[in-house]
Amino acid sequence: MKAKDVFSYSFSAIKLRKLRAGLTTLGVVIGIAAIVALLSITQGLQNTITNQLETGLATDTLIVTPGRSVFSQGGAGIGGGFGGGGSGFTLLLNDTATINGLSPDIEGSVAIIQRAVYFQNSERSFIINVLGVDFAEYEAIYGGNTFVAESGTINSNPANDEVVIGNTLHNPWNNGTLLYNVGENVDIIWTNATARPPKNETYTGTVTAVLKEIGGFSFGGPSDTGVYIPSAQAESFFGTDTCSQIIVKLANSDQATIDNVSELITNTFDGEVSVISSTAVLSIIGSVFSVIQLFLVGIAAISLLVAGIGIMNIMIVSLIERTREIGILKALGMKSRTVLLIFLGESVIIGLIGAVLGIVLGWGLANVVAVVFSGGGPFAGIGGGQDAGVGTAGLDIVPVLTPTVLIGALGFGIGVSVIFALYPAWRASKLKPVEALRYE
Amino acid sequence: MAQIVEAVDLKKTYMLGKIPVEALRGVNLKVESGDLLAILGPSGSGKSTLLNLIGALDKPTSGTLLIDGVDVSTLSDNQLSDLRRRVGFVFQFFNLIPRLNARDNVELSLSIAGVSKAERKKRAEELLETVGLKDRINHKPAELSGGQQQRVAIARALANNPRFLLMDEPTGNIDSKTAREIMRLVKGLNAEKGVTIIMVTHDQHLAREAKRTVQMFDGVITSDVANGEPT
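Residues numbered from 1 in each chain as written. Chains lettered and ligands numbered in written order. Predicted model: local features only at pLDDT ≥ 70, side-chain atom pairs only at ≥ 80, totals over all residues.

This brings us to the overall build of chain B. Scanning chain B for helices and strands turns up seven helices and 11 strands. Its C-alpha radius of gyration of 17 Å places chain B within 12% of the 17 Å reference for a compact globule of 231 residues. Dimensions of chain B, computed from the C-alpha atoms along their principal axes, are close to 45 × 40 × 40 Å. Residue pairs in contact within chain B that sit at least 24 positions apart in sequence constitute 70% of those at least 6 positions apart. (Helix = DSSP H or I, 4+ residues; strand = E, 2+ residues; numbered from the N terminus. Rg over C-alpha atoms; globule rule 2.2 N^0.38 Å. Contact = placed C-beta atoms within 7 Å.)

Structure, rendered in structure tokens:
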């Protein structure tokens, strides 16, 4: 019997039991929809976060922080503490000189002194992280990308009182209300807890530049909520030559260069520092998301399993109802294999229709969820997500349906249907014609 | 004439629950091409069992059954399926597929044999015309009378140009007038197209119209007469 004829015979059998086939298909639809929705939402979320990070990260930079641990010590030093990783080791401002001399692949480096301060003008006061950086070096690393003035100017050789602020501190809501402006004087207040008695240190700076909007999370690089002061000022004002991190600019972003330089720096400091590349950060985030996705998909897969059992159940009922028909087919000379294929064909049709509808439903669901999440974001096309993360309010999640998910969902839907149909189909094929014909 | 069925000491034992039932207890039979054979006997005499064996629907317990010179007990499941395509089976309860119309029922037999769509359609319509159902081609079994359904079943059985036609009580479920019409059709097929026919019946009148009558009782053949004369 020709494959086409087998398939059309399967289809005619399904058409006869529309309601039953429909309900069976619904099980597959729900399972696949859950999987597709969860995958495309988490993929969209990952893209959003990754994009935001990539905006703040340059791929040709490394971040050196004190302490052996990875990733979690990125913000060491907040709260005026010495010591990053527990061993008492600290990075010093002049460690940049050591790092710069390590390899021709290193183009430069910048040390960052970081403190939480009160940042206030006559109207407002915020607690904010202030970063003391060498403006010239910092601009050399991030100048082409994120350390760019929207208004005012960033002097490469700044006076001590110059302050550069992130865009959010200037214009957080895009509605005309401005917080801090270029030319404005601001008080920067730091509580020196090591002095006896503890006392507040204050100096008055002048905002000389507002950065253009970056729109991402900050990881080492400039951020929308950052305040930047010259490193010399930070050093004398905070009374420290300890820095929380050193950003290293590489000649290129090859993985080999990243690996070599990372190892050089780690060895130079006898393993007391962690060197993180942006690609490593991204891959950590990627693997975290993989675990989350696997977990969610696992849960969704349970519903598909239930659907599979439903298929099996319905196929066994159908097999019993059609015992006589199978007898007739066999008496007409149909091979056992063909009977098997007819039953499997029915499950393929159910799986295919269920998977296609499930993908459509899941995709719709993902978009609805995304809109709810981001409070009215635009619908996006398949493979979209390029503009994710430039919004200012909330998380703009753009669900992503990758070809892998698409094909995977289709395959999974059909696969589950077929696997659960194997037993009923096998039983049908094994029926003896004489007994099947006698069946009432 | 070529011999197409030869049974030698054919035995078949069923298990009815745990009790063995000897349905055939040593049947010897030869059927030649062009024959029109009626097998008569009371129910339980083994005539349907014999027919099922000849139709390759079942395998004998012992003895030899040659169909077209091939010993069926040596055949695999797949080979038995192939053999069934060369046998036309007509059942007492028609056994048409209810959701398919007359033409599709006839086509099914052809499609199992792998005949292409266009040829199937043409052949199915020709066959339905032969059995006198040209104007009922698109009717489903439920829309046809018993006699008409049996004609569809005959058309289906003839679809693959079988070596012979096996009919199990073909008129058992239809009125006597229609039964005579069916019998006329069967005789016509035998006489004009040379189709070999083996028919099981318990209707003496019908059996008398055959060229040869085989009487069965209790799993064995008790008489075998041609045109009323003993062989």
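What follows covers the overall build of chain A. Scanning chain A from terminus to terminus reveals 12 helices and 12 strands. Looking at chain A as a whole, 48% of its 440 residues qualify as buried. Looking at chain A alone, contacts between residues at least 24 apart form 78% of all its contacts between residues at least 6 apart. (Buried ≥ 20, exposed ≤ 12 C-beta atoms within 10 Å, placed from the backbone.)

Further remarks concern the packing of helix α5 (residues 146-158) of chain B against helix α6 (residues 176-193) of chain B. Residues and elements named next belong to chain B. Where α5 contacts α6, the axes come no closer than 10 Å and their chain directions differ by 20 degrees. Classified by the angle their axes make, α5 and α6 are roughly parallel. Remark: the crossing between α5 and α6 carries right-handed chirality. In this structure, α5 uses G146, G147, Q150 and I154 to contact α6, whose residues at the interface are T178, E181, I182 and L185. Residue composition of the contact of α5 with α6, by class: three nonpolar, four polar and one charged. (Axes fitted to C-alpha atoms, helices over the stretch in contact; angles between N-to-C directions. Parallel < 35°, antiparallel > 145°, perpendicular 65-115°, else oblique. Left-handed = near helix turned anticlockwise from the far one by under 90°. Nonpolar A, V, L, I, M, F, W, Y, C, P; charged D, E, K, R; others polar.)

Listed by partner, the interface residues are 19 residues for chain B and 16 residues for chain A. Those elements that place two or more of their residues in the side of chain B that touches chain A are α2 (77-85) and α3 (102-112) of chain B. In terms of residue count, the dominant contributor to the side of chain B that touches chain A is α2(B) (six residues). Taken together, the residues that form the side of chain B that touches chain A break down as six nonpolar, seven polar and six charged.

A few words now on the packing of α3(B) against α5(B). All names here are of chain B. The geometry of α3 relative to α5 is characterised by a closest axis approach of 8 Å and an angle of 25 degrees between their N-to-C directions. In terms of orientation, α3 and α5 fall into the roughly parallel class. The interaxial crossing formed by α3 with α5 has right-handed handedness. Facing α3, whose interface residues are A102, N105, V106 and S109, α5 presents V152, A155 and R156. Counted by class, the contact of α3 with α5 contains four nonpolar, two polar and one charged residues.

Let us look at the sheet that holds strand β4 (residues 62-67) of chain B. All names here are of chain B. Spatial ordering of the open sheet is given by β2-β1-β4-β5, a layout of four strands whose pairing is antiparallel. Of all the strands in the sheet, the pair left with one neighbour each is β2 (19-32) and β5 (70-71). Where strand β1 (residues 3-16) lies against β2, 11 bridges are found, and the strand directions are antiparallel. Among the inter-strand pairings, V5 is bridged to a residue of β2, identified as V31. (Pairing = 2+ DSSP bridges.)

By themselves, these are just geometric observations and shouldn't be taken as functional.
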